[in-house]
Amino acid sequence: MTGDDSRNGKEVADAQTADDEAASGDSVLTLEAVRQSFGDVSVLEGVSLDVRAESVTCLLGPNGSGKSTLLSIAAGLRTPDEGTVTGEIDAARDVGYLPQRPAFRPHFTVAETIGFYGSLVPTPIDEAATLERVGLAAVADRRVEHLSGGMVRLLGLAQATVGSPPVVVLDEPASGLDPQIRHRIADVIADLAADGAAVLMATHDLDAAERIADQVRILDDGEFVAGGSPSEIQSETAAESLGGAIDALIDREDAIGVRAGTGDRR
């Protein structure tokens, strides 16, 4: 495939995404033509994204596609090599962030942990309500070192919401967890968006993405290859599921502009 064909395919995907996002809430964070490399390895190749209020945007794609790097840039933790990040964000705590592997002081209790993060925001928080929201109120006095892996992830989700940040960035919030906790996390995320937050998350939980995502962006080899609602992406690819649509897009050479199966970056 020629370079012109690759650019044309990407332009179509970006135009479709722009049309889809125009119907969403107000944009609170915009990434424009963001590029990021680590040494000689290009991780993001000019991606653009609007993060909108009252919505959940899911980043989907294979491991190594650039999702975590994009999230760290959106959260203000990394400055891109090229491109801009703009929006109605005045301070670092205006973005709540949950990394893939949250870590807390092991001897703190759950309540003490949330209290610590509450001390970092300018207005008092309701610690009990914050823990109740994620289902940890009953273990408020338990030390972090005695929590299950799922509970630690729920605590991480709770800390990401402290101070009611307008943007909440979540990196694989439900990875490796049992169905009950995955479902609870998805419900909390949907509630955050309903309350006005702009939620941007990377996930491999396609059931949750189909259920709660307003917009899905599929990232492969550092570029977006599709964007729209889950149903729109399925319709575009004639797939019976979101997973099937992703497989079709990532395997389809004319959609991703790379040699299928090689993992080569351009």
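Within any chain, residue numbers begin from 1 and follow the written order of that chain's sequence. In view of the model being predicted, local features appear only for residues whose pLDDT reaches at least 70, and side-chain atom pairs are presented and counted only at 80 or more, with totals across whole chains, interfaces and linings using the full set of residues. Hydrogens are left out, water is left out, and the side-chain values use all remaining heavy atoms of the structure.

S.K.: Could you give an account of the environment of Asp126, with specific residues and numbers?
M.R.: Position of Asp126 relative to the elements: it lies in the loop between helix 3 (110-118) and helix 4 (127-134). Exposed residues in this analysis have more than 50% of their type's maximum accessible area, buried residues have under 20%, and partly exposed residues fall in between, with area computed by a 1.4 Å probe over protein chains only. With relative accessibility at 48%, the residue Asp126 sits in the partly exposed group. In sequence terms Asp126 and Gly163 are 37 residues apart; their C-alpha atoms lie 9.4 Å from each other. Here a polar contact means two N or O atoms within 3.5 Å. Within protein one must be a hydrogen donor candidate and the other an acceptor candidate, and residues neighboring in sequence count only if both atoms are side-chain atoms. Here Ala129 takes part through its backbone nitrogen, which lies 3.0 Å from a polar atom of the side chain of Asp126. Numbered from the N terminus, helices here are DSSP runs of H or I no shorter than four residues, and strands are runs of E no shorter than two.

S.K.: How would you explain the pairing of strand 6 (residues 167-171) if you had to name every residue and give the values?
M.R.: Of all five residues in strand 6, five are buried, a share of seventy percent or more. The two faces of strand 6 match: Val167, Val169 and Asp171 on one face and Val168 and Leu170 on the other face are all buried. Bridge count between strand 6 and strand 7 (residues 198-202): five bridges; the pairing is parallel. Residue pairing in the sheet places Asp171 in a bridge with Ala202 of strand 7. Looking down the strands as they point away from you, a crossover is right-handed if its path from the first strand over the helix to the second goes clockwise. As for the winding sense of the linkage, the β-α-β connection from strand 6 through helix 6 (residues 179-194) to strand 7 is right-handed. We treat two strands as partners when DSSP finds at least two bridges between them.

S.K.: Can you explain the packing of aromatic side chains? Please cite residues and give values.
M.R.: The relation between two aromatic rings is expressed through the spacing of the ring centres and the mutual angle of the planes. The pairing test for Phe, Tyr and Trp rings, Trp by its six-membered ring, is centres within 6.5 Å, and the orientation test on the planes gives stacked under 30 degrees, edge-to-face over 60, and tilted for anything in between. Summed over the entire model, instances satisfying the criterion amount to two aromatic pairs. Arranged with centres 6.1 Å apart and planes meeting at 90°, the rings of Phe104 and Tyr117 form a pair that is edge-to-face. On the criterion of sequence distance, the pair formed by Phe104 in the loop between strand 5 (95-98) and helix 3 and Tyr117 in helix 3 is long-range, its members being 13 residues apart. Tyr117 matches Phe104 in its accessibility class, with the two residues each being buried. By way of ring pairs, the aromatic residues Phe104, Phe116 and Tyr117 are connected into one cluster. Our definition puts a charge over a ring when NZ of Lys or CZ of Arg is within 6 Å of the ring centre and also within 35 degrees of the ring normal. Just above the ring of Phe116 sits the side chain of Arg105; from NZ or CZ to the centre is 5.2 Å. Its guanidinium or amino end placed over the ring of Phe224, Arg217 lies 3.9 Å from that ring's centre, counting from NZ or CZ.

S.K.: I'd love a proper account of the sheet that holds strand 6, names of residues and values included.
M.R.: Strand order in the open sheet formed by six strands is 5-6-7-3-8-9, with mixed pairing between adjacent strands. On the outer flanks of this sheet lie strand 5 and strand 9 (223-228), each paired with one strand and no other. Averaged over all pairs of adjacent strands, the angle between strand axes in this sheet comes to 15°, irrespective of strand direction. Judged from the five bridges that link them, strand 3 (residues 55-60) and strand 7 form a sheet pairing that is parallel. Each residue of the ladder has a partner; that of Val56, found in strand 7, is Val199. To get an axis, a line is fitted to the C-alpha atoms, and for a helix only the part in contact is used. The angle between two axes follows their N-to-C directions and goes from 0 to 180 degrees.

S.K.: How would you sum up the packing of helix 4 against helix 5 (residues 149-161)? Please name residues and give values.
M.R.: It is the contact of helix 4 with helix 5, at a shortest axis distance of 9 Å, that shows an interaxial angle of 135°. As summarised for this structure, helix 4 and helix 5 are arranged oblique, according to the angle between their axes. The hand of the helix 4/helix 5 crossing is right-handed. Touching Thr130, Leu131 and Val134 of helix 4 are Leu154, Leu155, Leu157, Ala158 and Thr161, all from helix 5. As a working rule, the residues Ala, Val, Leu, Ile, Met, Phe, Trp, Tyr, Cys and Pro are called nonpolar, Asp, Glu, Lys and Arg charged, and the rest polar, with Gly in that last group. Looking at the contact of helix 4 with helix 5 residue by residue, the class counts come to six nonpolar, two polar and no charged. By the definition adopted for this analysis, an angle is roughly parallel if under 35 degrees, roughly antiparallel if over 145, roughly perpendicular if from 65 to 115, and oblique otherwise. A crossing counts as left-handed when the near helix is turned anticlockwise from the far one by less than a right angle, and as right-handed when that turn is clockwise. Contacts are assigned to residue pairs that have any heavy atoms within 4.5 Å of one another.

S.K.: Provide a residue-level description of the packing of helix 3 against helix 5, including the pertinent values.
M.R.: The N-to-C vectors of helix 3 and helix 5 enclose an angle of 25°; their axes lie 9 Å apart at closest approach. Taken together, helix 3 and helix 5 sit at an angle that is classed as roughly parallel. Judged by the twist between their axes, the crossing of helix 3 over helix 5 is right-handed. The segment helix 3 lies against helix 5, with Val110, Thr113, Ile114 and Tyr117 engaging Leu155, Ala158 and Gln159. Here the residues of the contact of helix 3 with helix 5 are counted per class, giving five nonpolar, two polar and no charged.

S.K.: Explain helix 2 (residues 67-74) to me, and be specific about the residues and the numbers.
M.R.: Buried residues dominate helix 2, accounting for seven of its eight residues. For helix 2, the full list of buried residues reads Lys67, Thr69, Leu70, Leu71, Ser72, Ile73 and Ala74. Once helix 2 finishes, Gly76 follows within two positions and takes phi at roughly 80°, a positive value.

S.K.: Give a description of the pattern of salt bridges that names residues and reports values.
M.R.: Salt bridge, as applied in this entry: a Lys or Arg side-chain nitrogen positioned within 4 Å of an Asp or Glu carboxyl oxygen. Using the criterion set out here, one finds six salt bridges in the structure. Here Arg35 and Glu82 are joined by a salt bridge, their closest N and O atoms 3.9 Å apart. Taken together, the residues span a long stretch of sequence, with Arg35 in strand 1 (residues 27-38) and Glu82 in strand 4 (residues 82-87) at a distance of 47 residues. In this structure, the salt-bridge partner of Glu145 is Arg143, at a minimum N-O distance of 3.4 Å. A residue is classified by how much of its surface remains accessible, and Glu145, at 37% relative accessible area, is partly exposed.

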